[in-house]
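For reference, the chains in residue letters:
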Amino acid sequence: MAGLSLQNLQKTYGKVEVIKGVNLEIEHGEFVVFVGPSGCGKSTLLRMIAGLEDITGGELSIGGQVVNAMQPRDRGVAMVFQSYALYPHMTVYDNVGFGLRIKKTPKDERDAKIREAARILQMEHLLDRKPAQLSGGQRQRVAIGRAIVRQPEVFLFDEPLSNLDASLRMDMRMEISKLHQDLGATMIYVTHDQVEAMTLADKIVVLNAGVVQQVGSPLELYHRPANLFVAGFIGSPKMNFLDVTIDEIGSGVVTVSGPDMKPVSIPVATDGLKVGAALTLGTRPHQMQAADHGPITATVALVEHLGNETIVSLRLPSGKAIVAALDGDFPVTHGATLHLTPEASKAVLFDAHGTALQVT
Amino acid sequence: MAAVTSPNQRLKISLKYLLLILVAVIFVFPIVFMVVSSFKPDLQLLRDTSSFNAFLPIGDISLDNYFAAFRRAPVGLFVFNSILVTSLTVVGSLFLCSMAAFAFVFLEFRGKEIVLSIIIATLIVPFETIAVPMLMVVNSLPWIGGNGVTWGWLNTYHVQIVPFLADALTVFLFVQFFRDLPKELVEAARLDGASWFQVYSMVIVPIAGPVFATAAILKFLAMYNQYLWPLMVTQSEQFRPVMVGLQYFFQLNTAWGEVMAYLSMITLPVLAFYIFLQRAFITSIASTGIKG
């Protein structure tokens, strides 16, 4: 059983603080995705878990054992790199079996494990080739195979699909997901691609500037983002944000309006709220209805017909841009005026600090 | 290969080849002169230098100069000494310098940048300036050999080998090559459980063939061409290398034919070594961006 526990984990380079006290619990067998923009520290955090970066402060435990000072090879982790990192002078067979060779695993056992990994990843026909003779997808398979044969407690993936083309990326995503189900091992996956994060994860950890912004299931993050950063980062197209003020406070509901929006009532915990307070209303493009009337009036700036839906970019009276995802058959033309209604039950209100208000 | 289409293109390519052949001939001429002259008696050799005959094996051709060279100096011993000293130094320095470079590039330790800078800075110190202090140092060092502990290294093989086992240029060459290798290779091997030495020997060395070849050639040439140091540290001919042996031929009356025969003989190992490693040498020079 190999769960992970990160207690106030810190990393500094000189005076630059890269990871600022991360606390995180990962259960055995969970698929956890670290997601965030470039430079947020997600890869550094993964490398700290792998043992490739020293831990400046805090405590990292794998399977209940503190591993801060432990060598990478003793941590029971295997890592798949973005660049695959295959040994160019070795065949696929030798690449996959390298770790076992180092461990002095008997030849028969080694051979059986290599062939089993090759079978799982459907690359038996590639075993005699060198990495240079493989396509990107095949190389990635070999890199995963190299991780599998070691039967690690924890798999670490550092943006493993970012060098692949779109269709191959989708295939590999499904394969990794299947691999997780088959092996039942703990997997930690770093990506900046939120589609990968949403589709693969049991649990997503959103990072920004070395700080965990929110931890939760994909749908939790999508529907109940903890702050403006998470709200803006998760979901495509991005969530729309409107400046509003509180007009009226009812029982478990506030009515808000702003320069670009007529009054709308949003269900929310009203403790501590004051009439006149400035808030930000977040509403997803897929959670806005277009009709003859509505609290938001905007001019169509761009129409993208995707068939199943139509993505409409609109300009508000204040000059701000918003996006609405409408029905694929919805008649809309460039320059037209649309009236939109945000789905009040799914809209999120953020206070002046960008923190989401609790829902009743 | 690109198809040659227009006469204009053909002319361009012809000119390019003509130029390349011309340059090749200029470089080959001295070697041809040396080899051809080694078969000629002195009188004819000197007479031919005023004409193109100097490059042609015509006239009184014989192996007399070679026999005379062997009579005048222990050529075989000199060549043996040189090859022994050179090959041991090359093997030792490739091993030591590549490991040092590996540490500088892949390991983290305090002050590594400063140490590396100091090593590279020594590239600008000419050997002549440190030759005498070095002589004094090796003259007072102990050595454990067949005769137990002896003091002073003069008149030995190891005095010609040990001081040259590590040098800044070779370390620098390896550092440059290793820096261009993806760091993930090392990290992947570490995660696979490899020790630092296993990472070096099983992952890095096998893919560093070109830089090993380059370093080997440069070191081989430098060692094989050594003159000043062996002249200073070897008094008996038992340990002397080929370049020091050359002075046997510049006595009162220089026998040029014998000089040429001797030079032809001692050039052969260098040519053979270079041709053997040529392909890898060119790859590496191109990839490290170091051009001589």
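Predicted, not measured: the structure shown is a model, and the values here were computed from it.

1. Some words on the overall build of chain B
Looking only at helices and strands, one finds 14 helices and 2 strands in chain B. Rg of the C-alpha trace for chain B: 24 Å, well past the compact-globule value of 19 Å for 292 residues, more than 25% over. Principal-axis analysis of the C-alpha atoms places the extent of chain B at approximately 75 × 70 × 30 Å. Out of the 292 residues in chain B, the part that is buried amounts to 40%. Residue pairs at least 24 apart in sequence account for 70% of intrachain contacts in chain B once pairs closer than 6 positions are excluded. For chain B, the accessible area works out to roughly 16000 Å², and carbon and sulfur atoms hold 71% of it. For chain B, the distance from the average position of its 16 positive side-chain charges to the average position of its 14 negative side-chain charges is 7 Å.

2. Observations regarding the pattern of salt bridges
Between side chains of opposite charge, a pair can form when the charged atoms approach closely. A complete count under the given rule lists 18 salt bridges over all chains for this structure. With a shortest N-O distance of 3.8 Å, B:Lys112 and B:Glu108 are connected by a salt bridge. Since its relative accessible area comes to 64%, B:Glu108 is described here as exposed. Taken together, the shared-partner salt bridges connect A:Lys11, A:Arg47, A:Glu53 and B:Glu187 into one network.

3. So, the sheet that holds strand S16 (residues 296–305) of chain A
All names here are of chain A. As summarised here, the arrangement of the 5 strands in space is S15-S19-S16-S17-S18, forming an open sheet in which the pairing is antiparallel. Of all strands in the sheet, those bounded by a partner on one side alone are strand S15 (288–291) and strand S18 (321–327). Direction aside, neighbouring strands of the sheet carry axes that sit 50 degrees apart on average. Here 4 bridges tie S16 to strand S19 (residues 337–342), and the two strands are oriented antiparallel to one another. Counted as the bridge partner of Thr 299 is Thr 337 from S19.

4. Brief notes about the domain arrangement of chain A
Residue and element names in this part refer to chain A. The domains assigned to chain A are domain 1 (4–228) and domain 2 (240–350). Summarising the inter-unit geometry, the C-alpha centres of domain 1 and domain 2 are found 39 Å apart. Ranking the residues of domain 1 by area buried against domain 2 places Tyr 222, Arg 224 and Leu 228 at the top, with a combined share of 70%. Counting across the domain 1 and domain 2 interface gives 2 residue pairs in polar contact (both at pLDDT 80 or more).

5. What to know about the pairing of S16(A)
All names here are of chain A. Of the strand pairs in this sheet, S16 and strand S17 (residues 309–315) are connected by 6 bridges, and their pairing is antiparallel. By the bridge assignment for S17, Val 300 is matched with Leu 314. Here S16 folds back onto S17 in antiparallel fashion, the turn holding 3 residues, of which Gly 307 has a positive phi close to 95 degrees.

6. Points about the domain arrangement of chain B
Residues and elements named next belong to chain B. For chain B, the assigned domains read domain 1 (30–62) and domain 2 (74–288). The gap between the C-alpha centroids of domain 1 and domain 2 is 35 Å. Listed by partner, the interface residues are 9 residues for domain 1 and 9 residues for domain 2. In total, about 650 Å² of surface goes out of reach between domain 1 and domain 2, with carbon and sulfur atoms giving 75% of it. It is Met 34, Ser 38 and Asp 42 that lose the most area in domain 1 upon contact with domain 2, and together they represent 63% of the buried surface on that side. The tally of links between domain 1 and domain 2 comes to 0 salt bridges.

7. Points about the interface of chain B and chain A
The interface is formed by 16 residues belonging to chain B together with 22 residues belonging to chain A. Carbon and sulfur atoms make up 64% of the surface buried where chain B meets chain A, a total of about 1700 Å² over both sides. When the buried surface of chain B facing chain A is broken down by residue, B:Leu191, B:Asp192 and B:Met202 rank first, second and third, together holding 41% of it. There are 2 salt bridges connecting chain B and chain A. A salt bridge links B:Asp192 to A:Arg150; its shortest N-O distance comes to 3.9 Å. At the boundary of chain B and chain A, one finds 7 residue pairs in polar contact (both at pLDDT 80 or more). Elements supplying a minimum of two residues to the side of chain B that touches chain A: helix H9 (183–191) and helix H10 (196–207) of chain B. Ranked by residues supplied to the side of chain B that touches chain A, first place goes to H9(B) with 7 residues. Of the residues assigned to the side of chain B that touches chain A, the class counts are 9 nonpolar, 3 polar and 4 charged.

Reading the values: rules and limits
- Sequence order as written defines residue numbering, which begins from 1 separately in each chain.
- Note on labels: chains are lettered from A, ligands numbered from 1, in written order.
- Side-chain atom pairs in this predicted model are given and counted only at pLDDT of 80 or more, local residue features only at pLDDT of at least 70, and totals for whole chains, interfaces and linings cover all residues.
- Hydrogens and water are ignored here; the side-chain numbers use all heavy atoms of the structure.
- Counting from the N terminus, the helices are DSSP H or I runs at least four residues long and the strands are E runs at least two residues long.
- The quantity called the radius of gyration is restricted to C-alpha atoms. Its globule counterpart is 2.2 Å times the number of residues to the power 0.38.
- Per-residue accessibility, obtained with a 1.4 Å probe over protein chains only, is compared with the maximum for each type, and a residue is labelled buried under 20%, exposed over 50%, and partly exposed between these values.
- In this description, contact between two residues means that some pair of their heavy atoms is separated by no more than 4.5 Å.
- With residues, only the protein chains shown are counted as cover, and all accessible areas are computed by Shrake-Rupley using a 1.4 Å probe.
- By the counting rule applied here, Lys and Arg register as positive and Asp and Glu as negative, while His and the ends of each chain are not counted.
- Here the site of a charge means atom NZ of a Lys, CZ of an Arg, CG of an Asp or CD of a Glu.
- For this document, the term salt bridge refers to a Lys or Arg side-chain nitrogen within 4 Å of an Asp or Glu carboxyl oxygen.
- A pair of strands is considered paired only if DSSP assigns at least 2 bridges between the two.
- Between N-to-C directions, angles cover 0 to 180 degrees, with each direction set by a line fitted to C-alpha atoms, over the stretch in contact for helices.
- An automatic or database domain assignment supplies the start and end points of every domain.
- Two parts placed together each lose some accessible area; with a 1.4 Å probe, that loss summed over both constitutes the buried area.
- Polar contact is defined as a pair of N or O atoms within 3.5 Å, subject to the rule that within protein one atom must be able to donate a hydrogen and the other to accept it, and that residues adjacent in sequence are counted only when both atoms are side-chain atoms.
- Each residue is assigned to one class: nonpolar for Ala, Val, Leu, Ile, Met, Phe, Trp, Tyr, Cys and Pro, charged for Asp, Glu, Lys and Arg, and polar for all the others, Gly among them.

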